[in-house]
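# Coordinate analysis (summary)
The chain contents come next:
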Amino acid sequence: MTADDPFGRLDDDDYHAYTMGRAADMLGTTQNFLRAIGEHRLITPLRSPGGHRRYSRYQLRIAARARELVDQGTPIEAACRIVILEDQLEEARRINAEYPRRGVANPSAAA
């Protein structure tokens, strides 16, 4: 915690701390790119009371991955779908990795 952040939110990957302009600068991309991946439902920025988009560090990592794919020639719509599927796969792997720790030898037997 700091005086500027008394709740420790800046360490939270899901805290929407970055404006659209700052996020675009950090990613080395344009604000239009961020709008486009939002239109393709890759990320949904939080809206401030004034209607401005705010992004979290987690969303910036997702956007950076999409930008890598687009820079390699992948169409933006396909890049967004790939990143969504990669994220879902990572979540499934994380959940599966927890089963042995819970003492469940066969996940299908637990149901």
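Note that this is a predicted model, so its numbers are computed, not measured.

About the criteria used
- Residues numbered from 1 in each chain as written.
- Predicted model: local features only at pLDDT ≥ 70, side-chain atom pairs only at ≥ 80, totals over all residues.
- Heavy atoms only, no water.
- Helix = DSSP H or I, 4+ residues; strand = E, 2+ residues; numbered from the N terminus.
- Buried < 20%, exposed > 50% of the residue type's maximum accessible area, 1.4 Å probe, protein only.
- Contact = heavy atoms within 4.5 Å.
- Salt bridge = Lys/Arg side-chain N within 4 Å of Asp/Glu carboxyl O.
- Pairing = 2+ DSSP bridges.
- Axes fitted to C-alpha atoms, helices over the stretch in contact; angles between N-to-C directions.
- Parallel < 35°, antiparallel > 145°, perpendicular 65-115°, else oblique.
- Nonpolar A, V, L, I, M, F, W, Y, C, P; charged D, E, K, R; others polar.

### Re the overall build of the chain
A count of helical and extended segments in the chain gives 4 helices and 3 strands. Reading the secondary structure of the chain in the N-to-C direction produces β-α-α-β-β-α-α. In the chain, which comprises 111 residues, the share counted as buried stands at 25%. Residue pairs in contact within the chain that sit at least 24 positions apart in sequence constitute 58% of those at least 6 positions apart.

### Quick notes on the pattern of salt bridges
Within this structure, the stated rule accounts for 5 salt bridges. Linking Glu 68 and Arg 65 is a salt bridge whose minimum nitrogen-to-oxygen distance equals 3.2 Å. Taken together, the residues Glu 68 and Arg 65, both in helix H3 (residues 57-71) and 3 residues apart, mark about one turn of the helix. Taking relative accessible area as the criterion, Glu 68 reaches 41% and is therefore assigned partly exposed. Between Glu 98 and Arg 94 there is a salt bridge, with the nearest N and O atoms lying 2.4 Å from each other. Of this pair, Glu 98 and Arg 94 are both found in helix H4 (residues 76-101), 4 residues apart, which corresponds to roughly one turn of the helix. Linked through salt bridges whose partners overlap, the residues forming this network are Arg 65, Glu 68 and Glu 86.

### Things to note about the sheet that holds strand S3 (residues 53-55)
Within the open sheet, the 3 strands sit side by side as S1-S3-S2. Their pairing is antiparallel. Each end of this open sheet is capped by a strand with a single partner; those strands are strand S1 (18-19) and strand S2 (46-47). Relative to S3, S2 is paired through 2 bridges, and the arrangement is antiparallel. Its bridge partner lying in S3, Arg 47 is registered against Arg 53. Sheet strands touched by H3: S1 and S3. Its angle to S3, the strand with the most contacts, is close to 90 degrees.

### Some details on the packing of helix H2 (residues 31-39) against H3
Their axes nearest at 11 Å, the elements H2 and H3 cross at an angle of 100 degrees. Relative to H3, H2 is oriented roughly perpendicular. Mapping the contact onto sequence places Phe 33, Leu 34 and Ile 37 in H2 and Ala 63, Ala 66, Arg 67 and Val 70 in H3. Broken down by class, the residue content of the contact of H2 with H3 amounts to 6 nonpolar, no polar and 1 charged.

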